[in-house]
Amino acid sequence: MNTHITLHRTSTNKFIYYLGATLTLLISVFGISLFFYSSSFLSTLLAQSLHLHVAPSFIGGEIAQDFFDDAGDDSGSDILVYPSNTAFKEGSLDLVRYTVHKPVFDAKWQAHPEYWQIDLEYKSGPASVRTIMIYIDADGDRSGSTKTLYDCSMNNGIPGAENCMFDSAHPWDYAIQICDDEGKVYAAQKDKSTTGTPAVQFICNTELSFAKNDKEVNIRIPLENKQLQKIYTAKTTYHYVLTGGFSKWDRGTFLPLEKRRTLSRGSTKQADQYNPLIPLIYDVLDDSSDKRFSQTAQLSSWSKDDFTRATLHPVTVSMNEQPQTGNTDDFIAEVKKQYTASQSSHDAPDAPQSSSSGNGSPFQRALTAFNNGDSAAAEQLLKEVIETEPENAEALAYYGSCIAMRGGKSSVIEAVKLVNDSFVYLDKAAALAQGTPQELTVLMNRASVCAAVPDAVFGKAAAGAEDFLKCASLYKTKVSQETDTNDAEHSYTQDEKLFLAYLYVSAYDCYKTAGKETEALLAVKEAERIWKQNK
Amino acid sequence: MATLVSILLSVLMAAVVFFYVIVMGNFSGAAWVYGLFLIYLFARMTFAEQHNKGSGVKYRRIFQIVFAVFFCISFISRLFAERGSMAITSGAMTNSEIPFCHIAIPQVLLPFTITRDIIFPARVSGHYASIASMLCIWLALTFTIGRGWCSWVCFYGGWEEGFSHIGKKRRLNLLAKNKEIREFQFGFFAFIVLASLGAMSAVYCEWFCPFKLVTEFSPMNTIPGLIAGVIFIGLFLSLVVVLPILTKRRTQCSTLCPFGAFASLTDKASLFSVTIDTQKCKGCMKCASACPFGAIDTDTIQLKKGRPELTCAKCGECIHVCSEKAISYSFRFTAHCKKPEAKNNFERTLQLFLEPAQLFRFAAFSFGVIMSDSFVVDSLSIIFSQITHFSK
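Since this is a predicted model, take the numbers as computed values, not measurements.

Participant: Looking at this structure, I do not really get the overall build of chain A. What am I missing?
Facilitator: Along the backbone of chain A there are 15 helices and 14 strands. In chain A, which comprises 535 residues, the share counted as buried stands at 45%. Excluding contacts between residues fewer than 6 apart, the proportion of contacts in chain A whose partners are at least 24 apart in sequence is 68%.

Participant: I'm lost on the overall build of chain B in this one. Help?
Facilitator: In terms of helices and strands, chain B carries 18 helices and two strands. For 392 residues, the compact-globule formula gives about 21 Å, and the C-alpha radius of gyration of chain B, at 21 Å, lands near that figure. Expressed as lengths along the three principal axes of its C-alpha atoms, the size of chain B is roughly 70 × 50 × 45 Å.

Participant: Explanation requested: the confidence of the model for chain B in the structure shown.
Facilitator: Caution is warranted with low-pLDDT regions, since their predicted coordinates should not be read in detail. All names here are of chain B. Looking at chain B, the pLDDT average stands at 90 and 100% of residues meet or exceed 70. Taken element by element, chain B is modelled with least confidence in helix α4 (residues 90-94), mean pLDDT 79, and with most confidence in helix α13 (residues 258-266), mean pLDDT 96. As a predicted assembly, this complex carries a pTM of 0.75 together with an ipTM value of 0.90.

Participant: Please explain the sheet that holds strand β3 (residues 115-122) of chain A as it appears in this structure.
Facilitator: Two pairing modes exist for strands in a sheet, parallel and antiparallel, and in both the strands are linked by backbone hydrogen bonds. Residue and element names in this part refer to chain A. Pairing within the open sheet is antiparallel, and its five strands lie in the order β1-β2-β3-β10-β9. A strand with exactly one partner marks an edge of an open sheet, and here the two such strands are β1 (63-68) and β9 (207-211). Across the sheet, the mean angle separating the axes of adjacent strands is 15 degrees when strand polarity is ignored. Across the sheet, helix α15 (residues 517-532) is in contact with β1, β2 (95-101) and β3; its angle to β2 comes to roughly 120 degrees.

Participant: Any chance you could explain the interface of chain A and chain B here in plain terms?
Facilitator: Accessible area lost upon the coming together of the parts serves often as the stated size of an interface. Contacts between the two partners involve 47 residues from chain A and, on the opposite side, 54 residues from chain B. Mapped onto the side of chain A that touches chain B, the elements with two or more residues apiece are α1 (2-37), α2 (39-49), β9, α10 (412-433) and α12 (455-458) of chain A. Ranked by residue count, the leading element in the side of chain A that touches chain B is α1 of chain A, at 17 residues. Looking at the side of chain A that touches chain B residue by residue, the classes come out as 27 nonpolar, 17 polar and three charged.

Participant: How should α2 of chain A be read in this particular structure?
Facilitator: A turn of α-helix holds 3.6 residues, and therefore any two residues three or four places apart point the same way. Where α2 of chain A is concerned, the buried positions are S40, L42, S43, T44 and A47 of chain A. Where α2 of chain A is buried, its residues meet α12 of chain A together with α6 (131-142) of chain B. One or two residues past the end of α2 of chain A sits H51 of chain A, with phi positive at roughly 50 degrees.

Participant: I tried to follow helix α9 (residues 393-408) of chain A on my own but got confused; where do I start?
Facilitator: Compared with the 22 Å implied by 1.5 Å per residue over 16 residues, the 23 Å span of α9 of chain A between its first and last C-alpha is a close match. Burial within α9 of chain A is extensive, with 14 of its 16 residues counted as buried.

Participant: How do you make sense of the domain arrangement of chain B when you look at a structure like this?
Facilitator: Residues and elements named next belong to chain B. Domain assignment breaks chain B into domain 1 (1-86 + 355-392) and domain 2 (90-271). A C-alpha centroid distance of 23 Å is found between domain 1 and domain 2. Counting only elements with at least two residues in the side of domain 1 that touches domain 2, the list comes to α3 (57-83) and α18 (356-391). Residues of the side of domain 1 that touches domain 2, tallied by class, amount to 15 nonpolar, two polar and three charged.

Participant: So what exactly am I meant to see when it comes to the nonpolar core here?
Facilitator: Side chains of a nonpolar character, in soluble globular proteins, are inclined to be buried together. The biggest cluster of nonpolar side chains holds 261 residues, and the ones touching the most others in it are Y504 and A523 of chain A. With 14 residues, α18 of chain B is the single largest residue contributor to this core. Both domain 1 (1-86 + 355-392) and domain 2 (90-271) of chain B contribute no fewer than three residues apiece to this core. In contact with Y504 of chain A, not counting residues within four places along its chain, are A472, A523, V524, E526 and A527 of chain A.

Participant: Please clarify how the environment of L174 of chain B should be interpreted in this entry.
Facilitator: All names here are of chain B. Mapped onto the secondary structure, L174 falls in the loop between α8 (157-163) and α9 (178-199). For L174, a count of 19 C-beta atoms within 10 Å translates into the label partly exposed. Expressed as a C-alpha distance, the spacing of L174 and A195, which sit 21 residues apart in the sequence, is 28 Å. If near-sequence neighbours (up to four positions away) are discounted, L174 is found in contact with I181, T247, R249 and G294.

Participant: Teacher, can you tell me more about unusual backbone geometry here?
Facilitator: Only a minority of non-glycine residues have a phi that is not negative, and only a minority of peptide bonds are not trans. Here the residue pair G125 of chain A and P126 of chain A is connected by a cis peptide bond, since its omega of 0 degrees sits within 30 degrees of zero. For P126 of chain A, the position within the fold is in the loop between β3 and β4 (130-137). At H51 of chain A, a residue that is not glycine, the phi angle is positive and equals roughly 50 degrees. Turning to its location among the elements, H51 of chain A is positioned in the loop between α2 and β1. With a phi angle near 55 degrees, K314 of chain B is a residue other than glycine that sits in the positive phi range. Summarising the element assignment, K314 of chain B is placed in the loop between α15 (298-302) and α16 (317-321).

Participant: Sorry, what's going on with the pairing of β2 of chain A here?
Facilitator: A regular strand carries its side chains on alternate faces of the sheet. Residues and elements named next belong to chain A. Counting buried residues along β2, seven of its seven residues qualify, which places the element largely inside the surrounding structure. Where β1 and β2 come together, five bridges link them in antiparallel fashion. If you follow D66 over to β2, its bridge partner there is T99. Pairing of β2 with β3 involves five bridges; the strand directions are antiparallel. Note on β3: the bridge partner recorded for V100 is I118.

Participant: Looking at this structure, how should I read the pairing of β9 of chain A?
Facilitator: Residues and elements named next belong to chain A. By the bridge criterion, five bridges tie β9 to strand β10 (residues 216-222) in an arrangement that is antiparallel. Considered in β10, the bridge of S209 is made with N218. Here β9 hands over to β10 after four residues, with K212 in that stretch at a positive phi of 50 degrees.

Participant: In this structure, what is going on with the packing of helix α11 (residues 439-452) of chain A against helix α14 (residues 494-513) of chain A? I would like to understand it.
Facilitator: Relative orientation and spacing of two packed helices are given, respectively, by the angle between their axes and the distance between those axes. All names here are of chain A. Contact pair α11 / α14: the axes reach a minimum separation of 10 Å and the direction vectors enclose 40 degrees. Relative to α14, the element α11 is oriented oblique. The handedness of the crossing between α11 and α14 comes out as left-handed. The segment α11 lies against α14, with A447, C450 and A451 engaging S506, D509 and C510.

Participant: Looking at this structure, I do not really get the packing of α9 of chain A against α11 of chain A. What am I missing?
Facilitator: Residues and elements named next belong to chain A. Direction vectors running N to C along α9 and α11 enclose 15 degrees, while the axes themselves pass 9 Å from each other. Put simply, α9 runs roughly parallel to α11. Here α9 runs over α11; the crossing is left-handed. Residues A393, E394, A397, Y398, G400, S401 and A404 of α9 touch α11, and the partners they reach there are T441, V442, N445, R446, S448 and V449. Partitioning the contact of α9 with α11 into residue classes produces six nonpolar, five polar and two charged.

Participant: In this structure, what is going on with the environment of F112 of chain B? I would like to understand it.
Facilitator: As for its placement among the helices and strands, F112 of chain B is situated in helix α5 (residues 105-115). Leave out the neighbours within four places in its chain, and F112 of chain B touches D117 and I118 of chain B.

Participant: Just to check I follow, could you spell out the confidence of the model for chain A for this structure?
Facilitator: Residue and element names in this part refer to chain A. Averaged over every residue, the pLDDT of chain A is 81; residues scoring 70 or more account for 82%. Contacts of residues 258-272 to residues separated by more than four positions or lying in other chains number 16 contacts, the stretch itself having pLDDT below 50. Within the model, pLDDT remains below 50 along residues 348-352, and this stretch shows eleven contacts once partners closer than five positions in the same chain are excluded.

Participant: Just to check I follow, could you spell out the environment of I103 of chain B for this structure?
Facilitator: For I103 of chain B, the location among the structural elements is in the loop between α4 and α5. With near-sequence residues (within four places) excluded, I103 of chain B lies in contact with Y204, C205, C209, C257, P258 and F259 of chain B.

Conventions and cut-offs
- Residues numbered from 1 in each chain as written.
- Chains lettered and ligands numbered in written order.
- Predicted model: local features only at pLDDT ≥ 70, side-chain atom pairs only at ≥ 80, totals over all residues.
- Helix = DSSP H or I, 4+ residues; strand = E, 2+ residues; numbered from the N terminus.
- Buried ≥ 20, exposed ≤ 12 C-beta atoms within 10 Å, placed from the backbone.
- Contact = placed C-beta atoms within 7 Å.
- Rg over C-alpha atoms; globule rule 2.2 N^0.38 Å.
- pLDDT = per-residue confidence, 0-100.
- Pairing = 2+ DSSP bridges.
- Axes fitted to C-alpha atoms, helices over the stretch in contact; angles between N-to-C directions.
- Nonpolar A, V, L, I, M, F, W, Y, C, P; charged D, E, K, R; others polar.
- Expected span 1.5 Å × (residues − 1).
- Domains from an automatic or database assignment.
- Core = buried A, V, L, I, M, F, W, Y, C linked by C-beta atoms within 7 Å.
- Parallel < 35°, antiparallel > 145°, perpendicular 65-115°, else oblique.
- Left-handed = near helix turned anticlockwise from the far one by under 90°.

Structure below.
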């Protein structure tokens with residue numbers, strides 16, 4: 001009996017040992033490599049499941065409110081001419097996001113443990129071409145000033161020349177001036193002067209940092225100064241956010257209109273529309289929900305008859321409420337669902353179609369094979385097309401896509417090689433197609449491949465997002481040219497809206513994968529804006 | 001048969017290196033150079049171990065030193081490219097762009113469990129030095145090589161590894177103080193964890209990390225910044241340079257590093273351990289003297305504990321010096337289940353394939369290869385481009 005038990009124990013022991021050792025072997029030899037191969041996915045999963053986020057005091061504080069301003073509205077009251085200086089880049093004066101944080105106390109690792117942060121994001125850099133003015137009514141009462149900083153302090157040598165005034169219900173208490181890599185905070189004083197001009201007082205410099213190639217401006221206002229401590233107790237603040245061109249000839253001022261009286265951005269607006277009362281502001285943060293206070297309405301409210309300046313209205317920032325997150329995920333799921341359904345029933349509306357060949361050509365046959373999911377046949381046919389037409393951008397793009405698809409069905413090492421090869425063709429196609437009618441098709445191909453390949457290995461997600469956005473822009477232009485309207489005026493059909501929303505949602509996905517949160521949010525906001533249009 | 005196993009493991013490692021270094025490095029010259037170097041290193045280590053148990057340890061040293069030096073070259077050049085300096089900018093802070101390293105993990109875990117906030121301004125997700133990716137790597141290493149990370153993968157440890165092998169003779173013997181040093185490390189670890197919770201800030205990273213000198217640091221334009229600067233320069237020179245040279249030990253890793261202490265505490269979850277065969281041990285104390293982490297002392301041997309103390313980093317130095325071959329790697333689970341005696345050729349072959357030392361080395365080296373690939377290839381590319389530039 002004892003011998004039997006001992007034998008049984010020995011064989012159990014042996015079994016457990018070899019089982020454990022074999023599992024260890026598998027983990028050591030294959031497990032670690034596989035873990036790293038899927039680490040990007042695993043870490044995203046971990047971040048989502050644990051709801052990882054950095055303590056707000058390190059990164060600006062909790063967000064009180066986040067505003068998204070329309071992209072492409074940096075033409076002020078719509079009669080301004082764009083600066084012709086080469087330093088200005090398209091979108092460098094185009095405010096797209098304005099984020100107000102809650103004040104932070106006892107922050108770690110910071111130069112100022114008590115601060116208030118405001119972030120602005122523009123469509124593009126550089127920052128050196130902008131003058132930003134933020135006027136804040138911190139108490140909601142009628143104390144403060146309704147005149148601009150310049151008007152308040154002409155005799156104090158503080159520059160500024162926005163050419164506007166502010167809502168008398170919300171005179172500003174604090175003004176923040178950002179220009180030439182410097183931020184200053186001023187406070188409106190009670191009117192003590194005999195001239196009738198309200199006085200302003202310089203309070204402190206702000207901390208200022210720029211990120212994302214100067215697209216983002218982070219303003220930190222130290223709150224140690226007693227005059228700024230209204231911010232701590234403010235439940236609601238009112239913000240006027242103005243962006244003008246920075247004049248390097250007259251440091252701190254908004255670029256004078258006279259110097260911009262050249263050509264506008266390709267439009268026909270000419271210098272004869274100039275009037276000294278035009279506000280020198282390219283972009284104002286407006287309340288998109290109320291058309292009375294749209295940017296155009298506000299900046300056009302000046303009158304040449306009675307010489308009154310444009311009156312601006314603030315956006316309201318609730319400092320204590322939880323920010324509204326909305327149901328973005330539901331919206332994204334809905335767009336994808338509808339797009340997939342539309343794809344299965346018919347092609348996307350005016351979705352990229354070949355423009356180069358007739359029905360019976362090898363290229364057309366390749367496209368048919370590609371659309372039917374026969375990528376092997378398509379690849380073979382496209383190879384033949386490229387041999388005869390090596391500069392056919394569309395053929396190159398589809399060929400690149402086919403190679404990438406083949407990579408998706410291959411072994412890991414082969415897949416990496418094939419995907420790298422596919423980008424050689426896709427990049428060449430994009431370079432050849434630039435500015436041609438094929439560009440949309442080519443970029444769609446490249447964007448789709450960028451979105452499909454693992455970002456941890458190829459790092460293409462951000463580039464994919466940029467391609468999707470470029471596709472959206474090209475598609476908008478195409479539609480507006482066909483209907484002879486401009487982008488802003490155009491009302492899209494349901495199919496057009498769906499396709500555009502899908503492009504923006506795809507850009508959102510790519511940006512999320514690349515860890516670019518703001519860009520992702522901007523893309524999805526644009527998708528939502530288009531989706532809700534005319535609803 | 002043992003040769004066959006070594007060849008097989010070398011081929012498997014070559015496959016790992018080929019994919020992670022050469023393919024991921026886009027077949028660049030630097031990727032080929034580093035890839036071939038790694039394959040050579042692993043093959044030499046495996047065959048050296050086959051001939052003389054423990055003799056492969058010098059290849060581990062070479063790997064870790066190379067990794068540490070090239071990591072710093074790559075890291076610093078990336079910082080200069082992005083920020084223009086090694087100093088942390090307010091922009092980097094505001095945008096959560098401070099790289100998150102493994103040493104921050106024990107400081108952030110407790111505050112995270114209580115407040116659900118990570119008290120470190122790093123990127124949450126993404127591939128490079130993000131919080132989520134480092135936590136994932138930490139989880140993976142905890143369940144595989146455990147504290148073996150410190151002696152095989154840690155890109156800081158290589159500095160001490162290098163300095164501790166500069167002198168031939170030990171000038172300062174800390175053997176008698178091993179226990180106190182270990183106690184100090186755990187005491188300091190407890191202080192750092194509690195202080196981080198109390199201050200809601202990664203206190204070690206803010207004040208004590210000596211490796212700021214070779215990575216990034218807060219700008220020294222404020223009094224606290226200046227004090228932190230003096231502390232980290234002093235700690236680097238004393239604990240990473242001077243003391244390792246004098247003691248031939250890894251003094252920062254065994255006294256101050258909170259991640260080292262934390263990894264020691266969680267090492268029980270790992271697959272591998274080091275065991276001492278008390279029957280074979282003659283008590284010569286060579287192992288205790290060779291241990292760079294002070295994990296073996298007089299009590300360990302005299303009380304016949306059969307394993308090193310908690311701070312063992314599985315570097316293999318003790319195995320290398322043990323003339324009685326009494327120390328070896330083993331599977332953690334064999335504490336509950338003894339290794340069966342091989343009764344036939346099949347079982348003998350099977351046991352050769354399932355040799356814990358080989359599997360541990362493979363696992364630890366794989367970690368090192370994959371963690372180091374982009375940094376070393378990046379650094380080599382920089383060096384090659386500079387050489388090309390000057391030769392023109």
